[in-house]
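Each chain, written out:
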Amino acid sequence: MSTTLLPAAYRHLEPWAQRWALATQNEREAARRASSGIDLKVFYDALIGEVDGIIGHLNTLDLESLPPPEQRLLYLTLSLAEVAPHIELYRGDPRVPYSFEEERFIAEHGGAAHYLGDLYAIPNRPA
């Protein structure tokens with residue numbers, strides 16, 4: 001039985017997979033908020049140079065039926081998307097500075113591992 005978490009080409013990223021390969025937006029946000037700025041920067045630095053290759057690899061597959069290693073790679077990339085603004089815009093602050101407490105905002109689909117619905121089909125949304 002294999003204990004590898006990620007596809008062979010990305011096994012060097014496995015140290016981050018256990019902590020950051022999270023299936024839902026809520027989990028990714030909570031992990032970011034619970035991290036230090038240094039933790040975010042180390043994770044960001046490890047993945048940012050890999051993004052083009054990862055996206056190229058994932059684009060060769062059907063996203064609705066990814067093998068588990070590729071699924072974790074996708075989740076890892078989504079965590080990078082969660083962390084990147086905090087490094088690039090907020091000087092490593094794990095929270096959004098000068099804003100309301102993030103926990104007050106509840107993502108309608110934040111608990112779903114996959115949201116493939118129509119984002120524009122929001123009930124009572126003005127036309």
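Residues numbered from 1 in each chain as written. Predicted model: local features only at pLDDT ≥ 70, side-chain atom pairs only at ≥ 80, totals over all residues. Heavy atoms only, no water.

### What about the overall build of the protein?
Thought 1: Summing up its helical and strand segments, the protein has five helices and zero strands in all.
Thought 2: For the protein, the succession of helices and strands along the chain, N to C, is α-α-α-α-α.
Thought 3: Within the protein, the fraction of its 127 residues that count as buried is 35%.
Thought 4: Of the contacts formed within the protein by residues at least 6 apart in sequence, a portion of 69% connects residues at least 24 apart.
Thought 5: Surface exposure of the protein reaches about 8,300 Å², of which carbon and sulfur atoms provide 57%. (Helix = DSSP H or I, 4+ residues; strand = E, 2+ residues; numbered from the N terminus. Buried < 20%, exposed > 50% of the residue type's maximum accessible area, 1.4 Å probe, protein only. Contact = heavy atoms within 4.5 Å. Areas by Shrake-Rupley, 256 points an atom, 1.4 Å probe, with all protein chains shown as cover.)

### Section: the packing of aromatic side chains
Thought 1: According to the stated counting rule, one finds one aromatic pair in the structure shown.
Thought 2: Seen from their ring centres, Trp20 and Phe43 are 4.6 Å apart, and the 15° between their planes marks the pair as stacked. With a gap of 23 residues between them, Trp20 in helix 1 (residues 14–20) and Phe43 in helix 3 (residues 37–48) connect regions that are remote in the sequence.
Thought 3: Residue classification places Phe43 among the buried residues on the basis of a relative accessible area of 0%. (Phe/Tyr/Trp six-rings, centres within 6.5 Å; stacked < 30°, edge-to-face > 60°.)

### Focus on the packing of helix 4 (residues 51–58) against helix 5 (residues 68–88)
Thought 1: Between helix 4 and helix 5, the least distance of the axes is 11 Å, while the angle of their chain directions is 140°. Judged by the angle between their axes, helix 4 and helix 5 are oblique. Along this stretch, helix 4 crosses helix 5, giving a crossing that reads as left-handed. Contacts between helix 4 and helix 5 involve Val51, Ile54, His57 and Leu58 from the former and Glu70, Leu73, Leu74, Thr77 and Leu80 from the latter.
Thought 2: The class makeup of the residues in the contact of helix 4 with helix 5 is six nonpolar, two polar and one charged. (Axes fitted to C-alpha atoms, helices over the stretch in contact; angles between N-to-C directions. Parallel < 35°, antiparallel > 145°, perpendicular 65-115°, else oblique. Left-handed = near helix turned anticlockwise from the far one by under 90°. Nonpolar A, V, L, I, M, F, W, Y, C, P; charged D, E, K, R; others polar.)

### Thoughts on helix 5
Thought 1: Compared with an ideal rise of 1.5 Å per residue, which puts 21 residues at 30 Å, helix 5 spans 30 Å between its outermost C-alpha atoms and is within 8% of the ideal.
Thought 2: Along helix 5, the sharpest kink reaches roughly 30°, centred on Glu82 and followed within four residues by the proline Pro85. (Expected span 1.5 Å × (residues − 1). Bend = angle between axes of the 7 residues up to and from the residue.)

### Remarks on the nonpolar core
Thought 1: By size, the foremost hydrophobic cluster in this structure holds 27 residues, and its most contacted members are Leu6, Leu13, Trp20, Phe43, Leu47, Leu76 and Val83.
Thought 2: Elements with a contribution of two residues or more to this core: helix 1, helix 3, helix 4 and helix 5.
Thought 3: The greatest single-element share of this core, amounting to eight residues, is contributed by helix 5.
Thought 4: Beyond its immediate sequence surroundings of up to four residues, Trp20 is in contact with Arg28, Ala31, Arg32, Ser35, Leu40, Phe43, Tyr75, Leu76, Ser79 and Val83. (Core = buried A, V, L, I, M, F, W, Y, C linked by side-chain atoms within 4.5 Å.)

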